[in-house]
Every structure is written in structure tokens, then in C-alpha cells.
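Residue-level structural notes
Residues per chain are reported as follows:
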Amino acid sequence: MVKPGLFGGALLCASLLGCATTRPPVDAGLGPLDFVTTPAAQLDTVWQPRADGVIVVAGKPSGFIATRDAYTDYRLHVEWRWPGKPGNGGVLLHVASGPKDGVWPLSLQVQTKHGAVGDLLPMAGARFTEPLTSEPGAYPAIKAHVAADSERPPGEWNSMDVLVRGGCVDVTINGVPQNAVTFALPATGRIGFQLEGTPYELRNLHVERL
């Protein structure tokens with residue numbers, strides 16, 4: 001369970017209404033996980049938990065790791081870093097069945113991409129009320145983070161705290177509120193971690209249902 005103090009900096013928005021391969025469960029603080037890549041790969045070549053609690057993520061082939069459990073109202077805490085050259089990645093919220101954007105599922109992505117941390121991307125038809133900051137028709141569609149960049153230098157650990165309640169999604173990066181949307185759809189689903197070409201590390205993954 002997550003300690004409430006981890007989310008003291010979160011924004012509180014107004015209360016408003018390829019190939020998929022299922023692998024054996026892997027517990028990483030979020031319960032059993034599934035592994036989806038194109039082309040198919042072996043789990044232990046992509047997702048490697050260490051004795052010290054750090055998970056080494058290879059970043060390829062393209063795909064994602066997702067919880068088997070679905071979440072609606074919750075707090076999520078994630079810590080990540082780039083051990084080498086920083087690159088692209090993201091945390092997927094409310095992964096759902098339905099259309100896909102290439103290998104990416106219907107979901108709301110919180111960017112961990114270097115230089116764009118805290119951006120929100122509605123994937124494969126996901127949506128929210130607030131306007132996008134990307135140009136109409138641009139790909140990908142983006143709602144950029146709102147505060148000055150709060151990403152830490154490559155090699156240092158970053159933290160992401162996400163509060164989801166009543167269709168509101170609030171994102172805090174390293175203690176700085178960076179994004180908020182309302183009436184997010186899908187409003188429920190699984191939590192995922194992208195494999196987008198660059199190796200990275202994870203630790204202290206926690207989710208608390210509200």
C-alpha cells in the first residue's frame with residue numbers, strides 16, 4: 001500500500017462524474033503482470049527484477065507490460081531512471097480492449113520520454129475534456145505538461161504520482177504538479193509500462209485503490 005505522504009503534492013481536480021503473449025505472473029508491487037510485444041519475446045529478456053528491488057526493462061521489442069487487475073479510482077506511485085542514454089517511455093493508464101495505435105492499446109499515456117515528462121497522450125481513441133496542446137491532426141496527440149520541466153538529470157531517480165478519482169487524472173512529477181484532465185475515457189482499466197526502444201529501470205511501484 002502507498003503511504004498518503006507520497007501524494008501530498010498531487011492536484012485535486014473537482015469531483016466530476018503484433019502478438020500478445022501471456023506469461024507466468026510477475027509480482028512487482030502491482031500484482032501479476034502480463035507481457036505484450038510485437039514480435040513476441042521472452043519475458044526474462046525484457047523485464048528483469050533484481051534482488052535490490054529494481055526492475056531492469058530492456059525497452060524492446062515494442063510493446064508493454066500490464067497489470068492483470070483493472071483500476072478505476074486509485075493512487076499510483078512509480079519511480080524510474082535512465083541508466084544510460086535517456087530516451088522514450090511511458091506509463092499507460094486504463095489499458096482497455098478495443099482499437100490499437102500500432103502496438104499501443106487504448107489507454108491514456110503519461111510520458112516519461114526525456115524532455116517531455118508529464119505530457120498526457122490519449123492513445124488509440126482515448127479522450128478527456130481538456131484541449132490538446134498539439135496542433136489539430138498532429139501525431140501523436142498531446143496535452144503538454146503545464147509547469148517548468150521537473151525531470152531529473154539522466155541517471156537520477158524520478159518519481160511519478162498519479163491520482164485518479166471520478167474520471168479526473170492528476171499527474172505530479174518529482175513533487176511538481178504537471179498535468180490534470182477530467183472526464184478521462186476509458187475511465188477504468190489496467191496499468192502498463194511501455195517498451196519503446198530505450199532501456200530504463202523501475203522501482204517502488206505501488207497502487208492504492210480509493
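The shown structure was predicted, so the numbers you read here are calculated from the model rather than taken from an experiment.

Parameters at a glance
Residues numbered from 1 in each chain as written. Predicted model: local features only at pLDDT ≥ 70, side-chain atom pairs only at ≥ 80, totals over all residues. Heavy atoms only, no water. Helix = DSSP H or I, 4+ residues; strand = E, 2+ residues; numbered from the N terminus. Buried < 20%, exposed > 50% of the residue type's maximum accessible area, 1.4 Å probe, protein only. Pairing = 2+ DSSP bridges. Axes fitted to C-alpha atoms, helices over the stretch in contact; angles between N-to-C directions. Salt bridge = Lys/Arg side-chain N within 4 Å of Asp/Glu carboxyl O. pLDDT = per-residue confidence, 0-100. Contact = heavy atoms within 4.5 Å. Core = buried A, V, L, I, M, F, W, Y, C linked by side-chain atoms within 4.5 Å.

Now for the overall build of the protein. On a plain count of helices and strands, the protein comes out with zero helices and 14 strands. Ordered by position from the N terminus, the helices and strands of the protein form the series β-β-β-β-β-β-β-β-β-β-β-β-β-β. Taken over 210 residues, the protein has a buried fraction of 49%.

Read from one edge to the other, the open sheet built from seven strands follows the order 3-4-14-6-10-11-12, with strand pairing classed as antiparallel. The open sheet is flanked by strand 3 (47-49) and strand 12 (176-181), the only strands paired with a single partner. Here the strands of the sheet are splayed against their neighbours by 25° on average, with no regard to which way each runs. One ladder, built from seven bridges, connects strand 6 (residues 74-81) with strand 14 (residues 200-209); its direction is antiparallel. Bridge pairing in strand 14 places Y74 opposite R209.

This next bit is on the pattern of salt bridges. Tallied over the full model, the rule gives seven salt bridges. R75 is the partner of E208 in a salt bridge, and the nearest nitrogen-oxygen pair spans 3.7 Å. Of this pair, E208 sits in strand 14 while R75 sits in strand 6, placing them 133 residues apart in sequence. Given a relative accessible area of 16%, E208 falls into the buried group. Among the ionic pairs, E201 bridges to R81, the shortest N-O distance being 2.7 Å. Here E201 is found in strand 14, whereas its partner R81 is found in strand 6, with 120 residues between them in sequence. Salt bridges sharing partners connect three or more residues here, namely R50, D52, R81 and E201.

Bringing the pairing of strand 5 (residues 63-67) into the picture now. Burial runs high along strand 5: five of the five residues are buried. Residue alternation in strand 5 divides its side chains into two sets, G63, I65 and T67 and F64 and A66, and both sets are buried. The pairing of strand 2 (residues 33-37) with strand 5 spans five bridges and is antiparallel. Bridging from a neighbouring strand, D34 pairs with A66 of strand 5.

The next subject is the confidence of the model for the protein. Overall, the prediction assigns the protein a mean pLDDT of 87, with 86% of residues at 70 or greater. Per-residue pLDDT stays below 50 along residues 1-27; that stretch engages in 68 contacts with residues further than four places along the chain or on separate chains.

What follows is about the side chain of N88. With respect to the helices and strands, the residue N88 is situated in the loop between strand 6 and strand 7 (90-101). Filtering out sequence-adjacent residues up to four positions away, N88 remains in contact with W82, Q111, K113, E196 and T198.

Next up on the list: the nonpolar core. Proteins that are soluble and globular tend to have nonpolar side chains buried together. Core analysis: the largest hydrophobic core is formed by 38 residues, its most contacted members being W47, L76, L93, V169, F193 and L202. Once residues within four sequence positions are removed from consideration, V169 is found in contact with L93, L108, V162, L163, V164, N179, A180, V181 and A184. V36, A66, L92 and V95 belong to the second largest nonpolar core, which has five residues in total.

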